[in-house]
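Okay, here's what each chain looks like letter by letter:
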Amino acid sequence: MQLRTIILAAGQGARMQSSLPKVCHALGGRPLLHYVLDVSFQMDPETLSVVISPNTPDVEQVIDEFSATCGCKIYTSLQQEQHGTGHALMAAYEHWKKATGPVLVLFGDTPLLTQATLEKMLNAYQQDPNPAVVVLGMQCTTPNSYGRIELDAQGDVAAIVEYQDATPEQRNNPLGNSGVMLIDGAKLQGLMDQLTCDNAQQEYYLTDLVLLARAQGERVMWVEGCETELQGVNTRIDLSQAEAVLQKRWREQAMLAGATLIDPHSVYFSFDTKLGQDVTVFPNVSFGPGVRVDDHAIIRPFCRIEQAHIQEGAVVGPFVHLRPGSVIGSESRIGNFVEIKQSEIGKGAKVSHLSYIGDTDLGEGANVGAGTITCNYDGFAKHRTKIGSRAFIGSNSCLIAPVEIGDQAIVGAGSVVTRAVPQEALAHSRVPQQNLESGAVKYRRKRSS
Ligand code: UD1
Ligand code: CA
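Now for a look at the structure at hand. Along each chain, residues carry numbers from 1 onward, in the same order as the chain's sequence is written. By the order in which they are written, chains take letters starting at A while ligands take numbers starting at 1. Owing to the predicted nature of the model, reporting of local features is limited to residues with pLDDT of at least 70; listing and counting of side-chain atom pairs is limited to 80 or more, with chain, interface and lining totals taken over all residues. Computation of side-chain values: all heavy atoms of the structure, hydrogens and water removed.

1. Structural notes on the packing of aromatic side chains
And then number 1: Pairs were defined over the aromatic rings of Phe, Tyr and Trp, the Trp ring being its six-membered one, requiring ring centres within 6.5 Å. Orientation was assigned from the angle between planes: stacked under 30 degrees, edge-to-face over 60, tilted for the rest. Across all of its chains, the model carries five aromatic pairs by this definition.
And then number 2: A ring pair is formed by Tyr93 and Trp96, whose centres lie 5.0 Å apart and whose planes are at 85°; its orientation type is edge-to-face. Residue Tyr93 and its partner Trp96 are both found in helix 4 (residues 93-96); the two are separated by three residues, about one turn of the helix.
And then number 3: Only protein chains enter the accessibility calculation, which uses a 1.4 Å probe. A residue is then buried if its area is under 20% of the maximum for its type, exposed if over 50%, and partly exposed in between. Judged by its relative accessible area of 35%, Tyr93 is partly exposed.
And then number 4: What makes Trp96 buried here is its relative accessible area of 2%.
And then number 5: Look at Phe269 and Phe287: their rings are 5.5 Å apart centre to centre, the planes differ by 10°, and that puts the pair in the stacked class. Of the two residues, Phe269 is situated in the loop between strand 13 (267-268) and strand 14 (274-275) and Phe287 in strand 16 (residues 285-287); the sequence distance between them amounts to 18 residues. Judged on exposure class, the residue Phe269 and its partner Phe287 are both buried.
And then number 6: Connected via pairs of aromatic rings, a cluster forms that spans Phe302, Phe319 and Phe337.
And then number 7: Seen from the ring of Tyr35, Arg30 lies directly overhead, with NZ or CZ sitting 4.3 Å from the centre.
And then number 8: Charges are assigned to positions over rings by a cutoff of 6 Å between ring centre and Lys NZ or Arg CZ, combined with an angular limit of 35 degrees from the ring normal. One Lys or Arg, Lys382, reaches over the ring of Tyr377 and ends 5.2 Å from the middle of that ring. Each helix is a run of H or I in the DSSP string that is no shorter than four residues. Each strand is a run of E no shorter than two, and both are numbered from the N terminus.

2. Re the site of ligand 1
And then number 1: Looking at ligand 1, there are 23 residues lining it, with Ala10, Gln79, Thr85, Glu162 and Asn177 nearest.
And then number 2: N or O atoms closer than or at 3.5 Å make up a polar contact, with two conditions inside protein: a donor-capable atom paired with an acceptor-capable one, and, for residues adjacent in sequence, both atoms drawn from side chains. Contacts to ligand 1 include Gln79, whose side-chain N or O atom sits 2.7 Å from a nitrogen atom. Nearness of a residue to a molecule or strand requires only that one of the residue's heavy atoms be within 4 Å of it.

3. Details of the coordination of the calcium ion (ligand 2)
And then number 1: Coordination shells were defined by N, O and S atoms within 2.8 Å of each metal, extended to 3.2 Å for Na, K and Ca; water is absent from the atom set, which can make sites look incomplete. Of the protein atoms, only Asp109 (OD) and Asn234 (OD1) coordinate the calcium ion (ligand 2), at distances of 2.3 to 2.4 Å. Remark: Asn234 occurs in the loop between strand 11 (220-224) and helix 9 (236-256) and Asp109 occurs in the loop between strand 6 (102-107) and helix 5 (115-125); sequence separation between them is 125 residues.
And then number 2: A relative accessible area of 17% places Asn234 in the buried class.

4. Thoughts on the sheet that holds strand 23 (residues 326-328)
Strand pairing in a sheet takes place through backbone hydrogen bonds and is either antiparallel or parallel in direction.
And then number 1: Note: two strands are recorded as paired if DSSP finds a minimum of 2 bridges between them. Read from one edge of the open sheet, eight strands run 14-17-20-23-26-29-32-35, paired in parallel fashion. If you trace the sheet from one side to the other, it starts and ends with strand 14 and strand 35 (403-405), each paired once.
And then number 2: Summarising the sheet, strand 14 and strand 17 (residues 292-293) pair through two bridges and their orientation is parallel. Its bridge partner being in strand 17, Leu275 is matched across the sheet by Val293.

5. Observations regarding helix 1 (residues 32-42)
For an α-helix, 3.6 residues make a turn, and residues three or four places apart therefore share a direction.
And then number 1: Taking burial as the measure, the eleven residues of helix 1 include eight buried ones, the bulk of the element.
And then number 2: Taken residue by residue, helix 1 has Leu32, Leu33, His34, Tyr35, Val36, Leu37, Val39 and Ser40 as its buried positions.
And then number 3: Directly beyond the C-terminal end of helix 1, a positive phi value near 55° is found at Asp44.

Now the structure itself:
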């Protein structure tokens, strides 16, 4: 069966009170729209198109980023002015006009939807004769402003009444409309031709297809989904609730896959965080996108980790910031108040306290003393530092990049290293110490006289 999928994402999202289009807002480390694109592709559609509004480069970029990572074709249709969800589907006309199979209409603002739920809709559609429309509803337990699904005596859908148009009695109906619809492509044109905007919002409601189909004697079925999964994001409060749902899903997945989260509620994941087996994550750790943690690694409290790879058995934290491009070698130790960026830390190496390691290759078993700074930026360009295996960098050293420290070399504490240090050499660049006999006594006397 050939399925065509159309995502409506041209709405202004006014209730977000934002200069950024709603579907570009971040959820679990990526834009809202990416979740809807993801679940759409899981349905293996013949074509996938997104309805967007003109002059929204942010939305176009979000779509381009997705198609670049998945290597798939995504069509876009422009809805010049926003006159409702039915009007948005009209804008995608060229992508459904030739449809003979089902057309799946999704909303860009309903990100938590799963493939299993969409499959349930497809199953309902595949009856003989097939219904003209299948809608996805939910039993609502909390007050909301979703459209209400009204059933007939057979339990089929008689109508969907938008909240703004509903009587108080209709609003009390707990059966809410998720907005997701599966429509018989062969009947779509005939229904769309009759759509009007005679309602409270003066909009073309997609939901009116139900009444129109019924008026033609067609069957309209509904499938039940779960309220949390079908949540639409209209405000930032909704966005935070959707985030909470995702975080709960991811925490549970991580634990079921063999990671220990000591206080799951205080660990924040991104959509692509990967934790290996027997990884332990202490409280208050947040993972940005692009993080992989291999087996047996330990992440101690209060770490922020983004675009980084922590290898087997490494121990990171407390209070560590791993920025993009950090590879933390197996069995290495990264201790408190250390920031690492674009650097590769060798197997078993140690950076235990208060250091900045940027654009650096740190060799196996090397030891970086407290307060070491790689001075990677000269105000114009970034430069690399290379530290050999089993090298020892004394505390409070500045390594001015580009610079290379040889294998097993030692840098004395407090040094400012500007030139290469050969293998096994000892470098120090401190001002020689002077001791003035009774100097302390003389100094105090002078100050208190
Ligand atoms: C819609 C449904 C409502 C349902 C709710 C579920 C209609 C008329 N109402 O209401 O029954 O309970 O979703 O979340 O369908 N869009 C466009 N162009 C437009 C208007 C909207 O592309 O002109 C897109 C939006 O970007 C959004 C989606 O359609 O992704 C839904 O629009 P929205 O205005 O949020 O509809 P709701 O009021 O939530
Ligand atoms: Ca909505």
